[in-house]
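Residues per chain, in single letters:
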Amino acid sequence: MAQSTHSYSRRVSLAGPSLVTRSWDRGSVLGGVMVAAMLLGGCQSVAGTDRRQLNTYSVAQEIALGDEAYAEMQVGAKAINAGRDYEMVVRVTNRIAAAADRLHPEIASRFEWEVILIDDDEVVNAWALPGGKMAVYTGILPFTKTEDGLAAVMGHEAAHAIARHGGENMTRQGLVSLLSIGAAVMVDPEDRVIVAAAASAYGLLGEPAFSRAQESEADELGLFLTADAGYDPRESVALWERMAARGGEPLEFLSTHPNSETRIRDLEALMPVALEVRKQRLLERGDRPSE
Ligand SMILES: [Zn+2]
């Protein structure tokens, strides 16, 4: 125990001075002041959980960046605007959006939900941006199989946006760059570099942007969004099993996700409550729960 503490201190003392020296050499007092101000001002709780997160972006800034990234991601994308798959994707979006408004009105009420179905069978992915702009690639549909399966994916993605994981990641990236280049770069929402960083932080280039803690959080919040939207939350487990059974190279969608056994165990622990949420929702809607 004592030894591990000692080696940890040594690592810190080795890494610390060079980082600080570099920062203070190139930057100025401004760098330290900015970092301190960001740390003090940017700490808050995630909607729907008690986790504290560091996010120096305002919701309005995140939405603006999300909208800009959405416009950029649509350039060159082949959109599908009709047909059964499209109608299903729109229907799931609307139901998840309504559930988000009910469960997380403090943030979801500021979103304008929209979805694009992108015709690309090679991309096994889906994403959601702060502001509620979402995308589904046709390549994920063979895995989602049913509307409930698609709802599991879209609930998970919407949860990333509601939990403000994009802003949290951008804050982390921003702090890293502030520390390493001495606060020379101000965060400018108009800056293309920042938009590219946002695209990466929001998981537009695949899910690896998200940490495991964020993934577990999106699983939990997404499960309840799906259930409150009236979809069968058990489909999330079936979906991850299908994804895991695919084998071969890791899917973009799975690459940094918790291993499937852990995530399925965590989802199943929440399932009784999620099923109750769904039952209540269906009763309120006047539907008869099938089981
Ligand atoms: Zn995720």
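Residues numbered from 1 in each chain as written. Predicted model: local features only at pLDDT ≥ 70, side-chain atom pairs only at ≥ 80, totals over all residues.

Peer 1: I keep staring at the overall build of the chain and nothing clicks. Help me out?
Peer 2: Helices and strands together make up the secondary structure of the chain, namely 12 helices and six strands. Taking all 291 residues of the chain together, 39% fall into the buried category. Counting only contacts in the chain whose residues sit at least 6 apart along the sequence, the fraction spanning at least 24 positions is 74%. (Helix = DSSP H or I, 4+ residues; strand = E, 2+ residues; numbered from the N terminus. Buried ≥ 20, exposed ≤ 12 C-beta atoms within 10 Å, placed from the backbone. Contact = placed C-beta atoms within 7 Å.)

Peer 1: Please clarify how the pairing of strand 6 (residues 133-137) should be interpreted in this entry.
Peer 2: Moving residue by residue along a regular strand, the side chains alternate between the two faces of the sheet. In terms of burial, strand 6 is a largely internal element, five of the five residues being buried. Residues Lys-133, Ala-135 and Tyr-137 point to one face of strand 6 and Met-134 and Val-136 to the other, with burial holding for every one of them. In the sheet, strand 4 (residues 114-118) pairs with strand 6 via five bridges, with the strands oriented parallel. Paired with Glu-114 across the two strands is Lys-133, which belongs to strand 6. Two elements, strand 5 (residues 126-128) and strand 6, share three bridges in a ladder whose sense is antiparallel. When the sheet's bridge partners are listed, Trp-127 is paired in strand 6 with Ala-135. The turn joining strand 5 and strand 6, which pair antiparallel and follow one another in sequence, is formed by four residues; a positive phi near 105° is taken by Gly-131. (Pairing = 2+ DSSP bridges.)

Peer 1: How should I be thinking about helix 3 (residues 59-74) in this particular structure?
Peer 2: One turn of the α-helix equals 3.6 residues, which is why residues spaced by three or four share an orientation. Compared with the 22 Å implied by 1.5 Å per residue over 16 residues, the 22 Å span of helix 3 between its first and last C-alpha is a close match. One or two residues past the end of helix 3 sits Gly-76, with phi positive at roughly 85°. (Expected span 1.5 Å × (residues − 1).)

Peer 1: Would you explain the sheet that holds strand 5 in this entry?
Peer 2: Spatially, 3-4-6-5 is the arrangement adopted by the four strands of the open sheet, whose pairing is mixed. The open sheet has two free edges, formed respectively by strand 3 (79-80) and strand 5, since each of these has just one partner strand. Across the sheet, helix 4 (residues 84-103) is in contact with strand 3, strand 4 and strand 6; its angle to strand 4 comes to roughly 150°. Set on the sheet, helix 7 (residues 147-162) makes contact with strand 5 and strand 6; between it and strand 5 the angle comes to about 35°. (Axes fitted to C-alpha atoms, helices over the stretch in contact; angles between N-to-C directions.)

Peer 1: In this structure, what is going on with the pairing of strand 4? I would like to understand it.
Peer 2: Judged from the two bridges that link them, strand 3 and strand 4 form a sheet pairing that is antiparallel. Pairing of Ala-79 across the sheet is with Ile-118, part of strand 4.

Peer 1: Any chance you could explain the nonpolar core here in plain terms?
Peer 2: Generally speaking, a soluble globular protein has its nonpolar side chains buried in company with each other. If you look at the biggest cluster of nonpolar residues, it comprises 51 residues, and the most contacted ones within it are Ile-96, Val-136, Met-154, Ala-158, Ile-162 and Leu-225. Examining the composition of this core, we find that nine residues originate from one element, helix 7, more than from any other. Excluding its chain neighbours within four sequence positions, the residues that come into contact with Ile-162 are Ala-47, Ala-100, His-104, Ile-107, Ala-108 and Leu-221. (Core = buried A, V, L, I, M, F, W, Y, C linked by C-beta atoms within 7 Å.)

Peer 1: Even after reading the chapter, I still don't get helix 12 (residues 260-285), so can you show me in this structure?
Peer 2: Met-271 marks where helix 12 bends most, by close to 50°; the proline Pro-272 follows one to four residues later. In this fold, the buried residues of helix 12 make contact with helix 10 (212-228) and helix 11 (234-245). Gly-286 lies just past helix 12 and shows a positive phi near 90°. (Bend = angle between axes of the 7 residues up to and from the residue.)

Peer 1: Help me understand the environment of His-165, please; the structure alone is not making it clear to me.
Peer 2: With respect to the helices and strands, the residue His-165 is situated in helix 8 (residues 165-181). For His-165, a count of 27 C-beta atoms within 10 Å translates into the label buried. Each C-alpha atom, one on His-165 and one on Val-46, is 9.0 Å from the other, the two residues being 119 residues apart in sequence. In this structure, His-165 is in contact with His-160, Phe-210 and Gln-214, ignoring residues within four places of it in sequence.

Peer 1: Sorry, what's going on with the packing of helix 7 against helix 11 here?
Peer 2: A pair of packed helices is captured by two measures, namely the crossing angle of their axes and the spacing between those axes. In contact at an axis separation of 8 Å, helix 7 and helix 11 are set at 85° when each is read in the N-to-C sense. Relative to helix 11, the element helix 7 lies roughly perpendicular. In this structure, helix 7 contributes Asp-148, Gly-149, Ala-152 and Val-153 to the contact, and helix 11 contributes Glu-235, Ser-236, Ala-238 and Leu-239. Among the residues making up the contact of helix 7 with helix 11, the classes are represented as four nonpolar, two polar and two charged. (Parallel < 35°, antiparallel > 145°, perpendicular 65-115°, else oblique. Nonpolar A, V, L, I, M, F, W, Y, C, P; charged D, E, K, R; others polar.)

Peer 1: Explain unusual backbone geometry here, please?
Peer 2: Excluding glycine, a negative phi dihedral is what most residues carry, and trans is how most peptide bonds are arranged. Of note in this structure, Lys-145 is not a glycine but carries a positive phi near 60°. The phi angle at Arg-164 is positive, at roughly 60°, despite the residue not being glycine. As for its position among the elements, Arg-164 is in the loop between helix 7 and helix 8. The buried category is assigned to Arg-164, around which 22 C-beta atoms lie within 10 Å.

Peer 1: Looking at this structure, how should I read the packing of helix 4 against helix 10?
Peer 2: At their nearest, the axes of helix 4 and helix 10 sit 8 Å apart, and the two run at 110° to each other. As summarised for this structure, helix 4 and helix 10 are arranged roughly perpendicular, according to the angle between their axes. Once helix 4 is placed against helix 10, the crossing between them reads as right-handed. Here Ile-96, Ala-99, Ala-100, Arg-102 and Leu-103 of helix 4 come into contact with helix 10, specifically with Phe-224, Leu-225 and Asp-228. Of the residues in the contact of helix 4 with helix 10, the class split is six nonpolar, no polar and two charged. (Left-handed = near helix turned anticlockwise from the far one by under 90°.)

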